[in-house]
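Next come the chains, spelled out residue by residue.
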Amino acid sequence: MKLAVLGGGGFRVPLVYGALLRDRAKPRVEEVVLYDVSRERLDVIAHVLRRLAAGHDDAPAVRVTTDLDDALRDATFVFSAIRVGGLAGRTADERVALELGLLGQETTGPGGIAFGLRTVPVAVHVAERVAALAPRAWVINFTNPAGMITEAMRGVLGDRVIGICDSPIGLIRRAAAALGLDPARVSPDYVGLNHLGWLRGLTYQGQDVLPRLLADDDALRQVEEARLLGADWVRTLEALPNEYLYYYYFTREAVASMSGRTRGEVLRGPQDRFYAAVRDRPGQALEEWNRTRRERDATYMAEARDATDAGERDAADLEAGGYEGIALALMAAISRGEPATMILNVRNGTAVPGLPADAVVEIPCAVGGSGVHALATRPLPGRFLGLVQQVKAVEQTVIEAGLTGSPRLAVAAFALHPLVDSVATASRLFDAYRARIPELAAVFPG
Ligand code: G6P
Ligand code: MN
């Protein structure tokens, strides 16, 4: 099988390749083609992969290319993890919002809208090339904002594109571990949109054990989401929210905690150092990558954890391998027909009552040789459904704005978002993003 990795010069690509190396079952990926707009970043990541492959006699072959069609032609699977505008774009996504007193986050709130507006046309172009060159390929989309981008690509590829995120499985692992249960033996009732979902139940041997977790102070303290949001609040909700819900439930505190450097600004130094170091000393590729990875993981959501005294991240979370584990599990389930249940971003259909059928939702799915089937969920109570409906309406407005280049729709998307508090501010956001991000200006030339 051929795997095309779009965003192949990205920092997390070695995680995916490492998981491929550990995967012994057949059929296997024999060829990995890394595609990126930057040849320099591709070469650096190829050095890391070469070091990872050393000592494995049947390591998948690696090739790099800056030609999208070359990467996609006859691919069996396509991983898409691109960042249009790079880290400079991410920093602008965060900064512009903060300068207007709003949440500065790459996927949640105005930053996510700016990210989406410039990414939608690129992702749809990718989808069109996949349809032309690898019509039978499965596309696994990590590109953020993942729900929105998966929904946009579905317009071309239908059920052949599936969105993934590591945050739901991370939450489920933490919840199971806090109760001393094997995460592989619990079934989660997790529902929502990407970066906007709740774990409402956790069934173990036919019984919902979530109430037991919510009632237990000591166990709750082991779950990062409960530390971030507070035991009282998760009990009131009767659910464990995805970590990104912190930005909705504690918006004011989140904004206040972002007075220093943004995440994009924090990552800039280590990232630039890593690519430069490996370019100059390819022999040190793996050491440099490991060092940078540890630094990056340890500082994830650091402001939120500091602001809430949530403390350090758990060692288990740093080792769990969420991102690449999900991608590999999904590929294995589809290509080998091994049935599995996974939380994925898929077309709603009738799974979540109250949301449009065509909306992409993040819910448990049955995966197997025939593809991915959304499992029906219990109706969402109003306190969750209202937020999900509003944010989905925003996402769909972003998609339409990105596809049509309509400034009116772009401003509407900002204005309709629950974390933007004025229509006038929405206009200012749009103007400021357009001025700061050339890739976004290109979508709205008027
Ligand atoms: C989590 C989210 C991803 C996001 C990443 C950002 O893993 O699920 O969607 O891309 O965090 O991490 P970073 O280290 O880049 O801030
Ligand atoms: Mn994610």
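The name given to the chain in an unreviewed UniProt entry is 6-phospho-beta-glucosidase, and the organism recorded there is Nonomuraea solani. In its Sequence similarities (unreviewed entry) section, the UniProt record describing the chain reads: "Belongs to the glycosyl hydrolase 4 family."

Chemist: Please clarify how the site of ligand 1 should be interpreted in this entry.
Modeler: With respect to spatial proximity, the complete set of residues near ligand 1 consists of Asn144, Cys165, Asp166, Ser167, Arg263, Arg296 and Tyr300. When its residues are assigned to classes, the shell around ligand 1 shows two nonpolar, two polar and three charged.

Chemist: What is the right way to read unusual backbone geometry from this model?
Modeler: Trans peptide bonds make up most of the peptide bonds, and negative phi angles are found at most residues other than glycine. The omega torsion across Lys26 and Pro27 is -5 degrees, close enough to zero to call that bond cis. Mapped onto the fold, Pro27 is located in the loop between helix H1 (13-22) and strand E2 (31-35). The omega torsion across Asn144 and Pro145 is -10 degrees, close enough to zero to call that bond cis. By secondary structure assignment, the location of Pro145 is in the loop between strand E5 (138-141) and helix H6 (146-157). The residue His195 is not glycine, and still its phi comes out positive at about 60 degrees.

Chemist: Mind showing me how you'd approach the UniProt feature "active site" (unreviewed entry) in the chain here?
Modeler: As recorded in UniProt, the sites labelled "active site" (unreviewed entry) are Asp166 and Tyr244. For this annotated set, covering 79 residues, all C-alpha atoms fall within 12.0 Å of each other, a compact arrangement in space. Secondary-structure assignment places Asp166 in the loop between strand E6 (161-163) and helix H7 (167-178). In contact with Asp166, other than residues within four places in its own chain, are Gly322, Tyr323 and Ile326. Within the element layout of this structure, Tyr244 appears in the loop between strand E10 (240-241) and helix H12 (246-249). Setting aside its immediate chain neighbours within four residues, Tyr244 contacts Thr108, Ser167, His195 and Leu196.

Chemist: Explain the domain arrangement of the chain here, please?
Modeler: Interface size is commonly expressed as the accessible surface area that is lost when the partners come together. Looking at the chain, the domain boundaries give domain 1 (2-163), domain 2 (168-249) and domain 3 (260-314). Of note, the centres of domain 2 and domain 3, computed from C-alpha atoms alone, are 27 Å apart. Between domain 2 and domain 3, the contact holds five residues from the first and seven residues from the second. Top element by residues in the side of domain 2 that touches domain 3 is helix H10 (residues 224-229). It accounts for three residues. Its residues assigned to classes, the side of domain 2 that touches domain 3 shows two nonpolar, no polar and three charged.

Rules and cut-offs
- Residues numbered from 1 in each chain as written.
- Chains lettered and ligands numbered in written order.
- Predicted model: local features only at pLDDT ≥ 70, side-chain atom pairs only at ≥ 80, totals over all residues.
- UniProt positions renumbered as here; feature names shortened; annotations may be inferred.
- Near = placed C-beta within 6 Å.
- Nonpolar A, V, L, I, M, F, W, Y, C, P; charged D, E, K, R; others polar.
- Helix = DSSP H or I, 4+ residues; strand = E, 2+ residues; numbered from the N terminus.
- Contact = placed C-beta atoms within 7 Å.
- Domains from an automatic or database assignment.

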